[in-house]
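Residue strings, one per chain:
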Amino acid sequence: MNESSCGSAGCGSSCSGNSNACHDFIEKTHELNTIKRVIGVVSGKGGVGKSLITSTLAITMRRKGYKVGILDADITGPSIPKMFGITKKAEGCEFGIYPQKTHNDISVMSINLLLEKDDSPVIWRGPVIAGTVKQFWTDVIWGDIDYLFLDMPPGTGDVPLTVFQSIPLDGIVIVTSPQDLVSLIVKKAYNMAKAMNIPILGIVENMSYLRCPDCSKEIKLFGESKINSAAGELGIKVLGKMPIDPEIAQLCDKGEIEKTDNEYLADAALHIEKILAINGEEKSVMKIAVATEGSNVSGHFGKCENFTIAEIENSEVKNKVVVNTQGNQHGLLPAFLASHNVSVVIAGGMGEGAKQNLVSKGIEIITGASGNIDEVINSFLNGRLKSSNTGCAGHGHSHGHGNGDSGCNCGHH
Ligand SMILES: Nc1ncnc2c1ncn2[C@@H]1O[C@H](COP(=O)(O)OP(=O)(O)OP(=O)(O)O)[C@@H](O)[C@H]1O
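Residues numbered from 1 in each chain as written. Predicted model: local features only at pLDDT ≥ 70, side-chain atom pairs only at ≥ 80, totals over all residues. Heavy atoms only, no water.

Colleague: Please provide a residue-by-residue account of the overall build of the protein chain, values included.
Modeller: Looking only at helices and strands, the protein chain has 11 helices and 17 strands in total. Burial statistics for the protein chain: of 413 residues in total, 52% are counted as buried. In the protein chain, once contacts between residues fewer than 6 apart in sequence are set aside, the share between residues at least 24 apart is 69%. (Helix = DSSP H or I, 4+ residues; strand = E, 2+ residues; numbered from the N terminus. Buried < 20%, exposed > 50% of the residue type's maximum accessible area, 1.4 Å probe, protein only. Contact = heavy atoms within 4.5 Å.)

Colleague: Describe in detail the UniProt feature "binding site: ATP" (unreviewed entry) in the protein chain, supporting the description with residues and values.
Modeller: UniProt marks Gly44, Lys45, Gly46, Gly47, Val48, Gly49, Lys50 and Ser51 with the feature "binding site: ATP" (unreviewed entry), using the numbering shown here. Examined against the element boundaries, Gly46 turns out to sit in the loop between strand E1 (34–43) and helix H1 (50–63). For Gly46, a relative accessible area of 39% corresponds to the partly exposed category. (UniProt positions renumbered as here; feature names shortened; annotations may be inferred.)

Colleague: Can you break down the site of the ligand residue by residue, with the values?
Modeller: Close contacts around the ligand come from 17 residues, with Lys50, Leu52, Ser79, Asn206 and Pro243 the closest. Between the ligand and the protein, one listed contact pairs an oxygen atom with a backbone N or O atom of Val48 at 3.1 Å. Between the ligand and Asp245 there is a distance of 3.0 Å, counted from a nitrogen atom to a backbone nitrogen or oxygen. For the shell around the ligand, the secondary-structure elements that each account for two or more residues are H1, strand E11 (238–244) and helix H7 (246–254). (Near = heavy atom within 4 Å. Polar contact = N/O pair within 3.5 Å; in protein donor to acceptor, adjacent residues only side chain to side chain.)

Colleague: Can you explain H1? Please cite residues and give values.
Modeller: Across its 14 residues, H1 extends 20 Å between first and last C-alpha, which sits within 8% of the 20 Å expected from 1.5 Å per residue. Among the 14 residues in H1, 12 count as buried, and that is most of the element. Residues of H1 that are buried: Lys50, Ser51, Leu52, Ile53, Thr54, Ser55, Thr56, Leu57, Ala58, Ile59, Thr60 and Met61. Phi turns positive one or two residues past the end of H1, at Gly65, with a value near 100°. (Expected span 1.5 Å × (residues − 1).)

Colleague: Which residues make up the pairing of strand E14 (residues 306–313), and what are the values?
Modeller: Counted residue by residue, E14 has seven buried out of eight residues, so it is predominantly covered. In this structure, E14 lies alongside strand E15 (residues 316–324), joined through eight bridges in antiparallel fashion. In the sheet register, Thr308 faces E15, and the bridge partner there is Val322. (Pairing = 2+ DSSP bridges.)

Colleague: Any details on the pattern of salt bridges? Residues and values, ideally.
Modeller: Scanning the entire structure with this criterion turns up 13 salt bridges. Of the charged contacts, one joins Lys36 and Asp146 as a salt bridge, the two residues approaching to 3.3 Å between their closest N and O atoms. Linking Lys36 in strand E1 with Asp146 in strand E7 (residues 144–151), this pair joins segments that are 110 residues apart in sequence. Judged by relative accessible area, Lys36 falls into the partly exposed class, the value being 34%. Linking Glu224 and Lys220 is a salt bridge whose minimum nitrogen-to-oxygen distance equals 3.7 Å. Taking the relative accessible area as the measure of exposure, Glu224 reaches 58% and is therefore exposed. Several salt bridges share partner residues, and in doing so they unite Lys50, Asp74 and Asp151 into one network. (Salt bridge = Lys/Arg side-chain N within 4 Å of Asp/Glu carboxyl O.)

Colleague: So what about the packing of H1 against helix H8 (residues 266–275)? Which residues, and what values?
Modeller: How two helices sit against one another is set out by the angle between their axes and by the gap between those axes. Direction vectors running N to C along H1 and H8 enclose 65°, while the axes themselves pass 9 Å from each other. Here H1 lies roughly perpendicular to H8, going by the angle between them. Seen along the crossing, H1 lies across H8 with a hand that is right-handed. For the pair H1 and H8, contact is made by Leu57, Thr60 and Met61 and by Ala266, Ala268, Ala269, Ile272 and Glu273, respectively. Of the residues that constitute the contact of H1 with H8, the class distribution is six nonpolar, one polar and one charged. (Axes fitted to C-alpha atoms, helices over the stretch in contact; angles between N-to-C directions. Parallel < 35°, antiparallel > 145°, perpendicular 65-115°, else oblique. Left-handed = near helix turned anticlockwise from the far one by under 90°. Nonpolar A, V, L, I, M, F, W, Y, C, P; charged D, E, K, R; others polar.)

Colleague: Quick rundown of the confidence of the model for the protein chain? Include the residues and the values.
Modeller: A residue-level look at the protein chain finds 81% of positions with pLDDT of 70 or above and a mean pLDDT of 80. By mean pLDDT, the top-scoring element of the protein chain is strand E2 (residues 68–72) (96), and the lowest-scoring one is helix H9 (residues 333–339) (78). A low-confidence stretch, residues 2–23 (pLDDT under 50), is modelled with 42 contacts involving residues beyond four sequence positions or located in other chains. For residues 390–413, every residue scores under 50 in pLDDT, and the model assigns this stretch 57 contacts once sequence neighbours within four places are set aside. (pLDDT = per-residue confidence, 0-100.)

Colleague: Mind laying out the environment of Ile86, listing which residues take part and the relevant values?
Modeller: Inspection of the secondary structure puts Ile86 in the loop between helix H2 (80–84) and strand E3 (91–93). Overall, Ile86 belongs to the buried group, its relative accessible area being 9%. In the structure, Ile86 is positioned 14 residues away from Gln100 in sequence and 7.5 Å away in space, judged by C-alpha atoms. The residues touching Ile86, leaving out its near neighbours within four places in the chain, are Pro81, Gln100, Lys101, Thr102, Val108 and Leu113.

Colleague: Break down helix H10 (residues 352–360) for me, with residues and values.
Modeller: Restricting attention to buried positions, one finds in H10 the residues Ala354, Lys355 and Leu358. End-on view of H10: buried residues confined to an arc of 100°, all on one side of the axis. Among the exposed residues of H10, those oriented more than 90 degrees off its buried face are Gly353, Gln356 and Ser360. Packing partners of the buried residues in H10 comprise H9, strand E16 (344–346) and strand E17 (364–366). (Arc of directions from axis to C-beta.)

Structure below.
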């Protein structure tokens, strides 16, 4: 669970890395809970089958042997208990509320487990709804959970915003459908997550196609999917595509969704498992900052306006943000980067003073890099860029500086 005060849902776009300015609204989960990873499943609008995707991801992870929970945060349209055929109500004691279990031991909490009648409408205002979701996090005794999936309220309004701020999400999956104005809707969800500093794990397209029962041909009911281009534009991964599957619809209606043996989201689950690995080990996380000029590495560490800060988890770029140096003089930049928990800095050139300052803060330095930021980050991850903390860097990039700012005394390679 991402509990850094400035990370995940900590403080959103108002956070400039200055911890004093950072308001932390994150709530603590119940003291009896150990929840390792929290994944929000969101959609830019309702009716795209978000709950089905949440359930399918949860089932797939459970089959891999993980302890899984589903927090149904879709208070006004809760459909999780019905899909799993849960009819018993949640029970409470003086310590908190217990979730119900599905046949395959997935823990579920939903407003429908508290309402006397399943079909009672929830006519509550936003703050009450958001407060209920928070309580599902603070007052429910989930116990030990490896992956908790949050079926988020649809849209990008007040309620999802409060949930983003209150529950420490490790990442979100965006669900869309082909008939959406895909790029617009996805962009809304994307921008919201970005503003809140929540990593986007990828997009799942529901109702992608229908397979003809006679000839097995894929019928694109809503026309050609635009998901690949929308995802490409935003630089996010397409995790999977789920067809309209009449068997799934029937199982949902019968409350037997766990009987499905489809593998539509197997790759999506694998990706989540890789990015948010638990397996008893700590995630290997690090942040690298690349002095940035447009989409290229800046030649001058001390003069760059922005840093691209990439969060690397288990050797993959998990998140990337461009952070303005806010006019910090080069003497202050090392402290600025240290406050962002950066452990490696990549630049074209760097003065001796800055180098020493960074080294004293335990930050590794790579100078002599040039060209496209993503390519340079990949070279670093592939071990093709070497540290220049001591002596000459063994990198293969040419120097693009010449302003006297660079203290790198490597020759061209
Ligand atoms: N890919 C699919 N194949 C078959 N049936 C589907 C599919 N996606 C959704 N459905 C059907 O639609 C019903 C409603 O799905 P779900 O509850 O996930 O979405 P929703 O409530 O319409 O939207 P959202 O959860 O996005 O607000 C499911 O119970 C299922 O019967």
